[in-house]
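Coordinate inspection notes
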Amino acid sequence: MSKRIVIALGGNALGSTAAEQLALVSKTAKAIVDLIAEGNEVVIAHGNGPQVGMINLGLSTAAEAGAIKADMPFPECGAMSEGYIGYHLQQAIGNELTARGIRKPVATIVTQTVVSQDDPAFQNPTKPVGAFYDKETADRIAAEKGYTMVEDAGRGYRQVVPSPKPFDIVEAESIKALFNAGHVVIAVGGGGIPVVRKDGKLCGTPAVIDKDFGSELLAELLDADVLVILTAVEQVAINFNKPDQKGLDDLTPAQAKVYMDENQFAKGSMLPKVQAAVKFAESKAGRTALITLLEKAKDGIEGKTGTRVHQ
Ligand SMILES: Nc1ncnc2c1ncn2[C@@H]1O[C@H](COP(=O)(O)OP(=O)(O)O)[C@@H](O)[C@H]1O
Ligand SMILES: NC(=O)OP(=O)(O)O
């Protein structure tokens, strides 16, 4: 049976250079078009942590060298990352659809996501962006640029920026109109460009939204049946990276919360995915969130693998 699906693509679907990203998205496009070919309606959201950090640091370095007049603020870097990643995805998905003889328009919507200026996240930067560094390089960049750097899940040091919770998507009606008209839509890239409402106007704010939360909000607004969070592991596990690691198949929101209370899911990596999955599953009976590998998306939706959270 055809389903309404919001797919959240993790960093492993994108790589860290333009050439790498272009090569990887052709693989990503195959997995997405497999779902479309089965008759599902699909919206694609994606992360932007490495890309938004790279754009910001690159342009800040260019400004210091006098090559450009000023730093590029984070909301504008977020917008650039949506265009850059959206371009590659829409081209690759379009090429794959054409190769399979499927006629469907594909488009990216540069998306703004509303956050609250009072969100405590603005006082406590937690979202890792940009490249991974060794401690010495991280300390040097922190001193030169005034960045906050933290160790990221055993993978090296990264800059962290505020990551407020999203509560509205400005372009939701446009995304819905294209989705309902049968278009393949790429939206809410990097969780969306964070904006606040000030005196009745929207205004960009320096932060990076977690794409798992942005995608979850989009899935609710589109009344999706399934939220698919694609990442680098086939299943969410308890006792992760320990000899007694155990993959999880089906979870109720209540069971997931017990594991969250036991700190089974790492902050900034698996925890936001499980939190987003729980929120989606709780939002309406019949909704399922799936966390799995890109290559396993189709099998996961068919219930053959992955971790599914549902009531
Ligand atoms: N309990 C867990 N079960 C499975 N993976 C976990 C767990 N805790 C942490 N992880 C790690 O979280 C990673 C996914 O988070 P991350 O790399 O931030 O995702 P993204 O794909 O969105 O970039 C997995 O590749 C895995 O290394
Ligand atoms: N914005 C965001 O969540 O990006 P990553 O998934 O790349 O961390």
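The rules behind these values
- Residues numbered from 1 in each chain as written.
- Chains lettered and ligands numbered in written order.
- Predicted model: local features only at pLDDT ≥ 70, side-chain atom pairs only at ≥ 80, totals over all residues.
- Heavy atoms only, no water.
- UniProt positions renumbered as here; feature names shortened; annotations may be inferred.
- Near = heavy atom within 4 Å.
- Polar contact = N/O pair within 3.5 Å; in protein donor to acceptor, adjacent residues only side chain to side chain.
- Areas by Shrake-Rupley, 256 points an atom, 1.4 Å probe, with all protein chains shown as cover.
- 1 Å grid on protein atoms, 1.4 Å probe; cavity = no way out; pocket = protein on both sides within 12 Å on 5 of 7 lines; lining within 4 Å.
- Sits in = over half its atoms within 2 Å of the grid points.
- Nonpolar A, V, L, I, M, F, W, Y, C, P; charged D, E, K, R; others polar.
- Pairing = 2+ DSSP bridges.
- Helix = DSSP H or I, 4+ residues; strand = E, 2+ residues; numbered from the N terminus.
- Contact = heavy atoms within 4.5 Å.
- Axes fitted to C-alpha atoms, helices over the stretch in contact; angles between N-to-C directions.
- Parallel < 35°, antiparallel > 145°, perpendicular 65-115°, else oblique.
- Left-handed = near helix turned anticlockwise from the far one by under 90°.
- Points joined across faces, edges and corners; volume = space filled by probe spheres on them.

An unreviewed UniProt entry lists the protein under the name Carbamate kinase, with Brotocaccenecus cirricatena as the source organism. Per UniProt, the comment on the protein under Catalytic activity (unreviewed entry) is "hydrogencarbonate + NH4(+) + ATP = carbamoyl phosphate + ADP + H2O + H(+)". What UniProt records for the protein under Pathway (unreviewed entry) is the sentence "Metabolic intermediate metabolism; carbamoyl phosphate degradation; CO(2) and NH(3) from carbamoyl phosphate: step 1/1."

1. Observations regarding the site of ligand 2
Neighbouring ligand 2 are the residues Gly47, Asn48, Gly49, Pro50, Lys127, Gly190, Val208, Ile209, Asp210 and Lys211. Within the side chain of Lys127, an N or O atom sits 2.8 Å from an oxygen atom of ligand 2. In the model, an oxygen atom of ligand 2 is placed 2.8 Å from a nitrogen or oxygen of the Lys211 main chain. Considering ligand 2 on its own, with 260 Å² of exposed area, one finds that the protein chains cover 89% of that surface. Judged by its atoms lying within 2 Å of the grid points, ligand 2 is housed in the largest pocket. Classifying every residue of the shell around ligand 2 by side-chain character gives 3 nonpolar, 4 polar and 3 charged.

2. Brief notes about the sheet that holds strand β3 (residues 106-108)
On the basis of which strands lie adjacent, the open sheet formed by 8 strands has the order β3-β9-β2-β1-β12-β16-β17-β15 and mixed pairing. Two strands in the sheet have a free side with no partner beyond their single neighbour: β3 and β15 (250-251). Pairing between β3 and strand β9 (residues 184-186): 3 bridges, direction parallel. Counterpart to Val106 in the pairing with β9 is Val184. Running over the sheet, helix α6 (residues 211-221) touches β1 (4-9), β2 (41-46) and β12 (226-231) and is turned about 170° from β1.

3. Looking at the packing of helix α7 (residues 253-261) against helix α8 (residues 270-283)
Following both chains from N to C, one finds α7 and α8 inclined at 155°, their axes separated by 10 Å at the closest point. Relative to α8, α7 is oriented roughly antiparallel. In this structure, α7 meets α8 at a crossing whose hand is left-handed. For the pair α7 and α8, contact is made by Pro253, Ala256, Lys257 and Met260 and by Leu271, Val274, Gln275, Val278, Ala281 and Glu282, respectively. Taken together, the residues of the contact of α7 with α8 sort by class into 7 nonpolar, 1 polar and 2 charged.

4. Concerning empty space enclosed by the protein
Considering all chains together, one arrives at 1 cavity of 30 Å³ or more under this definition. Estimated volume of the largest cavity: approximately 40 Å³. Together, Asn48, Val52, Phe74, Gly78, Gly190, Gly192, Ile193, Pro194, Ala207, Val208 and Ile209 line the largest cavity. Sorting the residues of the lining of the largest cavity by element identifies α3 (74-99) and β10 (193-198) as the ones contributing at least two each.

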